[in-house]
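Listed below, chain by chain, are the residues.
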Amino acid sequence: MTTTQTFRNLITGSMNTKQITKIACAILVLFSMIACKKETPVTVDSVKPKMQLQITGYGVNKTFYSDSVDYYSTGTLFLKTDEIYTYTVLISDAGGVRSLQMTADTNAFAIRYPELTGTPAFTNTILSPVTFIQKIIGDRGNPFISFLMSGKFIAQNKTHNNTDTYVIQCLGSDYTPNLVGLNIPCVTTNQPPHGYGWKEL
């Protein structure tokens, strides 16, 4: 048995599958952070960037993809009121990413601890009265092939209506510009009709 095999057996023998999966995901995120800088000039092409939004928390562990065949407007993400959820938004483009933006309604989402992986830095803006915007704008002279930002939000229900739908919107582009986006309908409630998480109509 080689040293590598011995080490692998020691690791896998002391952890369950869930723990191993978490470590693997952390490693993937780490490599995406390291690889975000583009070493060559911006490339203009007709290929759209790829985007994904992951939301995890009470009753939810869902990743939405911009190139998915799923039509997300035909479903709803049900979130539990007063619970904390984690979001991660990633955009990538081999030719260079120009922008990434997430918009959310503060009637439903109280954003906490927004974070950015790598540079350039993001900006946070509250547009009166209720729109939260988290945005990254790239520099053509110092391009990146991916941006990643994350944070947490508390699911709120300021209108006290269990059927009001709010949208988490993510938008991004490369330097062509080719545009890409995700619009995820959400309901924050203590009385979900079919449980929490992503529900198709």
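Each remark here, short or long, concerns the structure printed above.
Residues numbered from 1 in each chain as written. Predicted model: local features only at pLDDT ≥ 70, side-chain atom pairs only at ≥ 80, totals over all residues. Heavy atoms only, no water.

Q: Explain the overall build of the protein chain to me, please; I cannot follow it from the model alone.
A: When helices and strands are counted, the protein chain shows two helices and eleven strands. For the protein chain, the sequential pattern of α-helices and β-strands runs α-α-β-β-β-β-β-β-β-β-β-β-β. The burial tally for the protein chain puts 39% of its 201 residues in the buried class. When contacts within the protein chain are restricted to residue pairs at least 6 apart in sequence, those whose partners lie at least 24 apart make up 75%. Carbon and sulfur atoms form 57% of the exposed surface of the protein chain, whose accessible area is close to 11300 Å². (Helix = DSSP H or I, 4+ residues; strand = E, 2+ residues; numbered from the N terminus. Buried < 20%, exposed > 50% of the residue type's maximum accessible area, 1.4 Å probe, protein only. Contact = heavy atoms within 4.5 Å. Areas by Shrake-Rupley, 256 points an atom, 1.4 Å probe, with all protein chains shown as cover.)

Q: Any chance you could explain unusual backbone geometry here in plain terms?
A: Most peptide bonds take the trans configuration, and most residues that are not glycine carry a negative phi. The omega angle of the peptide bond from T176 to P177 is 5 degrees, so this bond is cis rather than trans. Checked against the element boundaries, P177 lands in the loop between β9 (166-174) and β10 (179-189). Not every positive phi belongs to a glycine, and D82 is a case in point at roughly 75 degrees. Position of D82 relative to the elements: it lies in the loop between β3 (75-80) and β4 (84-105).

Q: Can you help me understand the nonpolar core in this one?
A: One broad trend across soluble globular proteins is that nonpolar side chains are buried collectively. Grouped together as the largest cluster of nonpolar side chains are 35 residues, with contacts concentrated most on L53 and F109. At eight residues, the largest contribution of residues to this core is made by β4. Excluding its chain neighbours within four sequence positions, the residues that come into contact with L53 are K62, T63, F64, Y87, T88, V89, I168, C170, L182 and I184. (Core = buried A, V, L, I, M, F, W, Y, C linked by side-chain atoms within 4.5 Å.)

Q: Sorry if this is basic, but what is going on with the pairing of strand β1 (residues 50-57) here?
A: The two faces of the sheet receive side chains in turn, since in a regular strand these alternate between them. In this sheet, β4 lies alongside β1 in antiparallel orientation, the contact comprising seven bridges. What sits directly across from L53, in β4, is V89. Counting the residues between successive antiparallel strands, the hairpin from β1 to strand β2 (residues 60-65) contains two residues, one of them, G59, with a positive phi of roughly 70 degrees. (Pairing = 2+ DSSP bridges.)

Q: It is not clear to me how the packing of aromatic side chains should be interpreted in this structure. Could you clarify?
A: Two aromatic rings, taken as a pair, are described by how far apart their centres are and by the angle between their planes. By the definition in use, this model includes eight aromatic pairs. A centroid spacing of 5.0 Å and a plane angle of 85 degrees characterise the contact between F64 and Y72, whose relative ring orientation is edge-to-face. Each member of the pair, F64 as well as Y72, carries the same accessibility label: buried. Here Y85 and F153 contribute two aromatic rings whose centre-to-centre distance is 5.7 Å and whose plane-to-plane angle is 20 degrees, an arrangement assigned as stacked. (Phe/Tyr/Trp six-rings, centres within 6.5 Å; stacked < 30°, edge-to-face > 60°.)

Honestly, it's all geometry; don't read function into it.
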